[in-house]
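# Close look at the chain arrangement
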Amino acid sequence: MTTTADSQDTQRFPDIYDPDLYVDGPIHEIFADLRHNDPVHWQPMPDQPGYWAVMRHADVTQVSRRPDIYSAEIGGVVLEDMAPEQLEQSKNMLLMMDPPRHTTHRKPLAESFQAKVIGQMEARIRELCRAIFTEAAETGDVEFVHDVSGSLPSQVVGELVGIPEEDWDQIRDWAEQSTSAQDPELAGEGGYRAGGGLSDMGVYAYQFAVKRRQEEPKEDLASLILAGNFGDGPMSEVEFSSFFVQLVTAGNDTTKTMLSSGLEALLAHPDQLADLRADRSLMVGAVEEILRYANPLHYFRRTALSDTELNGVQIAKGDKVAMMYTSANRDEAVFGDTAQQFDIRRSPNQHLSFGFAQHFCLGVHLARLEGRVFFDELLNTFSTIEQTGPSRRIRSNLNNGLKQLPIHLAR
Ligand code: HEM
């Protein structure tokens, strides 16, 4: 027997759309209940159609690998439906393209993000980390999320893309605003800053493209993108601007979250932190476990292109489908009875924090490298790393991150 949206008992489970539910931490117990009892769960939303929350690892991978059924393009990747003009602009973001357009746009970029190319950035990333930690050492007491974790990705992405250094802080500010729409403290009155961030960055990117097209090409991603052939020739400045916004936002906040939530997880497991300090060969596994245990994004959305069935549930054409990474990363069917535990020695570790299949994160090697070098240099620089107060989380059903983590650092 198949289930449909109408036949689902939505009252039995808490409202997992409600951003307030995430303020005290990820809702792992509710997700486990859903995984076991209603793995493709219908969740209503205020003021617009609800969505199917896909809780199990196997079902999330199934949705990810079928862009012919589950589109990233027709409804975007977040649960809230966008205004038509906003959706139209988003279609120039790689993340929100379906094949064949997605394939022709991803291919010219893939080489620049290969492990061996990204690996060449290691020395520079190390240098940036050392400079950030030198500054942090001067005060000793830092707000780790913004003052420390956030500094690295904005500088790394800035250099990779070729954004002038004097604009990095502004870009970071816009990127931060864009991901905090559900948190009034970060987004400001009526979420204005959230929308403002993205459109301001879009205008900046357009002007940046016009300027760069008048200059000699440089050894950076902006030149590569502006000169690239994306199926029917180079991108227009308008297309570039959406592309730029997605790249810069994707590379900033997720990485910041990995670094700050990662430190929080390590401090909560002092034995494992001590092991990592003593044996850096554990670093690769530690970063993977941080990504699984404290995945920066709770979900991404798809929209059904036709009527279909998923794990016995009838999904109608046009329905929203959320791939719940936070739940999939704790699925006992994949991670066994230690799924809820933090274990830097976990192997294999098939987490879905970077997504899966066609849209698998293009920046994966860069994110992993930043994670490894950051924690390596942090442990090299400081013999004392202590949390001095409670952390505070972003109010969001999408961003699984911290907005404050008070830390004391001493050499
Ligand atoms: C810890 C850090 C990061 C996490 C957790 C993360 C996560 C993700 C996820 C979940 C997706 C979508 C997968 C899907 O829809 O199936 C994605 C796509 C993407 N990410 Fe990342 N990301 C991170 C860092 C980065 C960095 C550093 C960059 C580049 C500077 C980047 C660039 C991209 C791009 C361009 C896409 C779109 C790929 C496509 O649609 O083909 N990401 N990322």
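Residues numbered from 1 in each chain as written. Predicted model: local features only at pLDDT ≥ 70, side-chain atom pairs only at ≥ 80, totals over all residues. Heavy atoms only, no water.

## Some thoughts on the site of the ligand
Around the ligand, the surrounding shell holds 28 residues, and the nearest of these are H102, R106, R302, H359 and C361. Within the backbone of L94, one N or O atom sits 3.3 Å away from an oxygen atom of the ligand. Between the ligand and R302 there is a distance of 2.9 Å, counted from an oxygen atom to a side-chain nitrogen or oxygen. If you tally residues by element for the shell around the ligand, the top one is helix 13 (residues 237-267), at seven residues. (Near = heavy atom within 4 Å. Polar contact = N/O pair within 3.5 Å; in protein donor to acceptor, adjacent residues only side chain to side chain. Helix = DSSP H or I, 4+ residues; strand = E, 2+ residues; numbered from the N terminus.)

## Observations concerning the layout of surface pockets
By volume, the second largest pocket is sized at about 380 Å³. As for the second largest pocket, its lining consists of 15 residues, of which V117, L160, E219, D220 and L221 are closest to the centre. If you list the elements that add at least two residues to the lining of the second largest pocket, you get helix 5 (115-119), helix 8 (151-161) and helix 12 (221-227). Sorting elements by how many residues they give to the lining of the second largest pocket places helix 12 first, with three residues. Residue composition of the lining of the second largest pocket, grouped by class: six nonpolar, three polar and six charged. (1 Å grid on protein atoms, 1.4 Å probe; cavity = no way out; pocket = protein on both sides within 12 Å on 5 of 7 lines; lining within 4 Å. Points joined across faces, edges and corners; volume = space filled by probe spheres on them. Nonpolar A, V, L, I, M, F, W, Y, C, P; charged D, E, K, R; others polar.)

## A short note on empty space enclosed by the protein
Following the criterion strictly, the structure yields one cavity of 30 Å³ or more and no others. Contributing to the lining of the largest cavity are S154, V157, G158, I163, W168, I171, R172, V248 and N252. Residue assignment for the lining of the largest cavity shows that the elements contributing at least two residues are helix 8, helix 9 (168-178) and helix 13. Looking at the lining of the largest cavity residue by residue, the classes come out as five nonpolar, three polar and one charged.

## Topic: the confidence of the model for the protein chain
Mean pLDDT over the protein chain stands at 92; residues scoring 70 or higher make up 95%. Considering only residues more than four positions removed or in separate chains, one finds that residues 190-194, a stretch of pLDDT under 50, has nine contacts. (pLDDT = per-residue confidence, 0-100. Contact = heavy atoms within 4.5 Å.)

## Side note on the packing of helix 6 (residues 122-139) against helix 8
At their nearest, the axes of helix 6 and helix 8 sit 10 Å apart, and the two run at 140° to each other. As helix 6 packs across helix 8, the resulting crossing turns out to be right-handed. Only S151, L152, Q155, V156 and E159 of helix 8 make contact with helix 6, whose side of the interface consists of R124, I125, L128, C129 and I132. (Axes fitted to C-alpha atoms, helices over the stretch in contact; angles between N-to-C directions. Left-handed = near helix turned anticlockwise from the far one by under 90°.)

## Describing the environment of A131
As for its placement among the helices and strands, A131 is situated in helix 6. With relative accessibility at 48%, the residue A131 sits in the partly exposed group. In this structure the C-alpha to C-alpha distance between A131 and L152, which are 21 residues apart in sequence, comes to 9.8 Å. (Buried < 20%, exposed > 50% of the residue type's maximum accessible area, 1.4 Å probe, protein only.)

## Here we look at the coordination of the iron atom of the ligand
Donor atoms from the protein around the iron atom of the ligand number only one, C361 (SG), found at 2.3 Å. Among the structural elements, C361 can be located in the loop between helix 17 (332-335) and helix 18 (364-381). (Donors = N, O, S within 2.8 Å, 3.2 Å for Na, K, Ca; no water.)

## Details of the pairing of strand 2 (residues 48-54)
Burial analysis of strand 2 places five of its seven residues in the buried class, which makes it a mostly covered element. Looking at chain direction, strand 1 (residues 40-45) and strand 2 are connected through five bridges and run antiparallel. Counterpart to V40 in the pairing with strand 2 is V54. With antiparallel pairing between neighbouring strands as the criterion, strand 1 and strand 2 make up a hairpin whose turn holds two residues, including D47 at a positive phi of roughly 65°. For strand 2 and strand 8 (residues 320-324), the ladder comprises four bridges, and the chain directions are parallel. When the sheet's bridge partners are listed, W52 is paired in strand 8 with V321. (Pairing = 2+ DSSP bridges.)

## Notes on the pattern of salt bridges
By the definition in use, this model includes 29 salt bridges. In this structure, the salt-bridge partner of R213 is E237, at a minimum N-O distance of 3.1 Å. Highlighted residues: R213 in helix 11 (residues 192-214) and E237 in helix 13, separated in sequence by 24 residues. Judged by relative accessible area, R213 falls into the partly exposed class, the value being 33%. The exposure class assigned to E237 is partly exposed, which follows from its relative accessible area of 21%. Salt-bridge contacts for R345 lead to D275; the nearest nitrogen and oxygen are separated by 3.2 Å. With R345 in the loop between helix 17 and helix 18 and D275 in helix 14 (residues 270-278), this pair connects stretches of sequence that are 70 residues apart. Classification of R345 by relative accessible area gives partly exposed; the value is 46%. Looking at D275, the relative accessible area reads 29%, which means it is partly exposed. (Salt bridge = Lys/Arg side-chain N within 4 Å of Asp/Glu carboxyl O.)

## Regarding the sheet that holds strand 1
An order of 1-2-8-5-3 is seen for the five strands of this open sheet, with the pairing classed as mixed. Only two strands of the sheet have a single partner each, and these edge strands are strand 1 and strand 3 (70-71). Contacts between helix 2 (residues 57-64) and the sheet are confined to strand 1, strand 2, strand 3, strand 5 (299-304) and strand 8, with strand 8 contributing the most and set at about 125° to the helix.

## A look at the sheet that holds strand 9 (residues 384-387)
Taken in spatial order, the three strands line up as 4-12-9 in an open sheet, and their pairing is antiparallel. Of all strands in the sheet, those bounded by a partner on one side alone are strand 4 (141-143) and strand 9. Averaged over all pairs of adjacent strands, the angle between their axes in this sheet comes to 25°, without regard to strand direction. In this sheet, strand 12 (residues 406-410) lies alongside strand 4 in antiparallel orientation, the contact comprising three bridges. Within strand 12, the position partnered with E143 by the bridge is P406.

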